[in-house]
Amino acid sequence: MTQITETPRGTARSEGRADHDARVYDDITGLLPSEQNPSPLVRINRLNPAPNFTLFAKLEWMNPFGSVKDRAASNIIRTLEEAGELRSAEGEDEGRGIVEPTSGNTGLSMAAIASARGYPSRFVVPNKVPLEKKVLLKIAGAELDVLNDELCPSLGMGDGSINLAKSHAKASKHRYTMPNQYENPANYEAHVRTTGPEIWNQTDGGVTHVFTSLGTCGTVTGLAKYLKERKPGVKVIAIQPSEGHDVPGLRNTSQLDISKLYDPELIDEVLEVDFKKAYTTALELSQREGLLAGPSSGLIFEGAREILLRDPDQPGVGVAIFCDNVFKYVSSMIKHIPELSEGTSA
């Protein structure tokens with residue numbers, strides 16, 4: 001029987017004590033992904049067009065708060081704790097926590113970890129983010145500001161998401177700090193510490209291709225830094241949605257001025273995919289592979305499939321990052337595929 005011990009309230013820590021064999025944890029943060037507790041790789045079977053190429057989906061929705069952003073959020077909070085920037089609420093002290101612009105997933109991960117630690121959290125969210133994500137942020141304990149802004153925060157938007165978050169941080173220094181996921185190196189370092197080593201170990205160093213997306217660019221940069229140091233020939237492919245997209249959390253290269261983490265020298269190819277395929281391919285993954293993938297996962301897989309169709313006989317071992325699942329995007333799926341709602345009423 002695993003012995004569970006208490007950690008004093010307010011003590012800085014990045015992870016709960018974990019017994020991964022017995023699956024017993026001091027708190028929810030013990031479930032955060034690591035080399036010892038990797039998110040699973042699941043082989044793509046029926047939809048893989050290349051018989052000599054092994055393609056895996058890395059299921060980031062198996063992380064405790066449901067997305068790849070658990071990694072960046074936990075590492076950012078860890079660095080803030082180590083710097084003494086956060087303080088748990090205690091008695092009349094409201095504590096000092098986080099304010100951040102988000103399209104949903106980073107905010108949800110930060111909010112859940114902050115709640116577990118006793119830190120306050122507040123997030124500025126564009127109105128176009130699906131309702132499910134906005135409600136989930138409140139369920140996780142966050143305060144919410146919803147703006148008529150772009151799908152993701154962007155520069156030059158006047159009182160947009162980023163500027164409002166900065167205003168909150170400046171006006172309420174005693175209550176909030178803004179880590180700024182778009183510039184914070186702890187974002188990509190999370191993937192150097194966890195995602196990259198996980199993929200390396202899970203494929204026994206055999207990985208030849210990694211397929212991911214562009215957003216804050218923490219994932220693609222961290223993966224490329226780690227894997228290319230271990231194996232320079234690894235191909236890092238970034239899949240971007242076409243212009244005018246409404247895929248939450250994703251960007252194309254025309255929207256990357258905001259990110260200080262984007263390094264095109266680390267990326268072998270940026271492939272554009274019609275953003276509508278994010279939704280139709282997500283449905284295909286659900287119905288053909290049993291993978292209840294969200295639209296960003298759908299877009300990334302569609303890009304991987306197009307790469308493989310160029311040379312269906314090529315050998316290799318690829319890993320596609322499946323950022324999150326479909327549950328937060330039901331309203332978006334119905335918007336793009338209206339027939340999904342047919343037969344759902346008595």
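For the structure given in this document, a descriptive report is provided here. The shown structure was predicted, so the numbers you read here are calculated from the model rather than taken from an experiment.

## Some remarks on the side chain of E289
Next, step 1: Note that E289 resides in helix α7 (residues 276-289).
Next, step 2: Look at E289: it is buried, it has no salt bridge, and the nearest opposite charge is R46 at 6.3 Å.
Next, step 3: Not counting chain neighbours up to four residues away, the residues in contact with E289 comprise R43, I44, N45, R46, L47 and E284.

## Describing the packing of helix α5 (residues 185-202) against helix α6 (residues 218-230)
Next, step 1: Two numbers describe how α5 lies on α6: the axes approach to 7 Å, and their chain directions differ by 50°. The angle between α5 and α6 places the two elements in the oblique class. The element α5 and its partner α6 pack so that their crossing is right-handed. Side by side, α5 and α6 meet where N187, Y188, H191, V192, T195, G196, P197, I199 and W200 of the first sit next to G218, T219, T221, G222, L223, K225, Y226, L227 and R230 of the second.

## Side note on the pairing of strand β4 (residues 53-59)
Next, step 1: Judged by how many residues are buried, β4 sits mostly within the fold: 7 of 7 residues are covered.
Next, step 2: On β4, burial covers both faces: F53, L55, A57 and L59 on one face and T54, F56 and K58 on the other are all buried.
Next, step 3: In terms of strand pairing, strand β3 (residues 41-43) meets β4 through 3 bridges, oriented antiparallel. What sits directly across from R43, in β4, is F56.
Next, step 4: Both β4 and strand β12 (residues 316-322) contribute to a ladder of 7 bridges, which runs parallel. Within β12, the residue paired with F53 across the bridge is G316.

## Observations concerning the nonpolar core
Buried together is how nonpolar side chains tend to be arranged in soluble globular proteins.
Next, step 1: Residues I44, L55, V207, F211, L227 and F322 are the most contacted members of the largest nonpolar core, which totals 59 residues.
Next, step 2: Looking at which element gives the most residues to this core, the answer is helix α8 (residues 295-310), with 6 residues.
Next, step 3: Counting residues in hydrophobic clusters, the runner-up holds 22 residues, among them L32, F65, L108 and F123.

Definitions and cut-offs
Residues numbered from 1 in each chain as written. Predicted model: local features only at pLDDT ≥ 70, side-chain atom pairs only at ≥ 80, totals over all residues. Heavy atoms only, no water. Helix = DSSP H or I, 4+ residues; strand = E, 2+ residues; numbered from the N terminus. Buried < 20%, exposed > 50% of the residue type's maximum accessible area, 1.4 Å probe, protein only. Lys, Arg positive; Asp, Glu negative; His and termini not counted. Salt bridge = Lys/Arg side-chain N within 4 Å of Asp/Glu carboxyl O. Contact = heavy atoms within 4.5 Å. Axes fitted to C-alpha atoms, helices over the stretch in contact; angles between N-to-C directions. Parallel < 35°, antiparallel > 145°, perpendicular 65-115°, else oblique. Left-handed = near helix turned anticlockwise from the far one by under 90°. Pairing = 2+ DSSP bridges. Core = buried A, V, L, I, M, F, W, Y, C linked by side-chain atoms within 4.5 Å.

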